[in-house]
Amino acid sequence: MTLATDEVRSTEECVEGVWPVRTRAVSYVGSACVVEGLGDLDLDDLDLVRGQYPGRRVTLDGDVITVWPTSSA
């Protein structure tokens, strides 16, 4: 996976709350949000991001948490 080059956006620019402590970058592809960590992220990090995106599918894959776009169907 190509790493994002964007800096972590402040909570005012993203969503209320705090990103996981080991966040390296936050980037957006359409309405999807990708949180990249400095090393593997854990279930507490996943829960933190899920809390910021209620109703959205949020997955963890090693050092990446993905908030998937909502379906328009």
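Predicted, not measured: the structure shown is a model, and the values here were computed from it.

Criteria and cut-off values
- Sequence positions are assigned chain by chain, starting from 1 and proceeding in written order.
- For a predicted model such as this one, the threshold for reporting local features is a pLDDT of at least 70, and the threshold for listing and counting side-chain atom pairs is 80 or more; totals across whole chains, interfaces and linings nevertheless cover every residue.
- Hydrogen atoms and water are omitted, and side-chain values are computed over all heavy atoms in the structure.
- Strands here are runs of E lasting at least two residues and helices are runs of H or I lasting at least four, both read from the DSSP assignment and numbered beginning at the N terminus.
- Buried means the residue's accessible area, taken with a 1.4 Å probe over protein chains only, is under 20% of the maximum for its type, while exposed means over 50%, and partly exposed covers the values in between.
- Throughout, a contact is declared for two residues whenever any of their heavy atoms are within 4.5 Å.
- To measure how exposed things are, a 1.4 Å probe is used in the Shrake-Rupley method; for residues, cover is taken only from the protein chains shown.
- By the convention used here, strands pair only if DSSP detects at least 2 bridges between them.
- Here the axes come from fitting lines to C-alpha atoms, over the contacting stretch only for helices, and the angles between their N-to-C directions go from 0 to 180 degrees.
- Between Lys or Arg on one side and Asp or Glu on the other, a salt bridge is scored when a side-chain nitrogen of the former is within 4 Å of a carboxyl oxygen of the latter.
- Take the buried Ala, Val, Leu, Ile, Met, Phe, Trp, Tyr and Cys residues and link them wherever side-chain atoms come within 4.5 Å; each set so joined is a nonpolar core.

Trainee: Even after reading the chapter, I still don't get the overall build of the protein, so can you show me in this structure?
Mentor: Looking only at helices and strands, the protein features 1 helix and 4 strands. Reading the protein from its N end, one meets helices and strands in the order β-β-α-β-β. By residue count, 36% of the 73 residues in the protein fall in the buried class. Put simply, of all contacts in the protein between residues at least 6 apart along the chain, 33% involve residues at least 24 apart. Just so you have it, the protein exposes about 4700 Å², and 51% of that area is on carbon and sulfur atoms.

Trainee: Looking at this structure, how should I read the sheet that holds strand S1 (residues 23-29)?
Mentor: Strand pairs in the sheet, formed through backbone hydrogen bonds, run parallel or antiparallel to each other. Here 4 strands make up an open sheet; going across it, the order is S1-S2-S4-S3 and the pairing antiparallel. Lying at the two open borders of the sheet, with one neighbouring strand each, are S1 and strand S3 (58-61). The sheet shows a mean angle of 15 degrees between the axes of neighbouring strands, direction not considered. Relative to strand S4 (residues 64-67), S3 runs antiparallel, the two being bridged by 4 bridges. Across the sheet, threonine 59 pairs through a bridge with threonine 66, a residue of S4. In the packing of helix H1 (residues 43-52) onto the sheet, contacts are made with S3 and S4, and the angle to S3 comes to roughly 155 degrees.

Trainee: Please explain the environment of aspartate 40 as it appears in this structure.
Mentor: Positionally, aspartate 40 belongs in the loop between strand S2 (32-37) and H1. Sequence separation between aspartate 40 and glycine 62 is 22 residues, and the spatial gap between their C-alpha atoms is 4.8 Å. What aspartate 40 contacts, discounting residues up to four positions off in sequence, is Arg22, Gly62 and Asp63.

Trainee: Looking at this structure, I do not really get the pattern of salt bridges. What am I missing?
Mentor: Under the definition given, this model contains 3 salt bridges. A salt bridge links aspartate 42 to arginine 22; the nearest nitrogen and oxygen atoms lie 3.5 Å apart. Residue aspartate 42 is located in the loop between S2 and H1, and its partner arginine 22 is located in the segment before S1; the two are separated by 20 residues in the primary sequence. What makes arginine 22 partly exposed here is its relative accessible area of 32%.

Trainee: Looking at this structure, I do not really get the nonpolar core. What am I missing?
Mentor: Across soluble globular proteins, nonpolar side chains have a tendency to be buried as a group. Of all hydrophobic cores here, the largest spans 11 residues; its members are Trp19, Val26, Cys33, Val35, Leu41, Leu46, Val49, Tyr53, Val58, Ile65 and Val67. For this core, the secondary-structure elements that each account for two or more residues are S2, H1 and S4. When neighbours within four sequence positions are excluded, leucine 41 is seen to be in contact with Pro20, Arg22, Val35, Leu60, Gly62, Asp63, Val64 and Ile65.

Everything listed here is a matter of geometry and, on its own, says nothing about what the molecule does.
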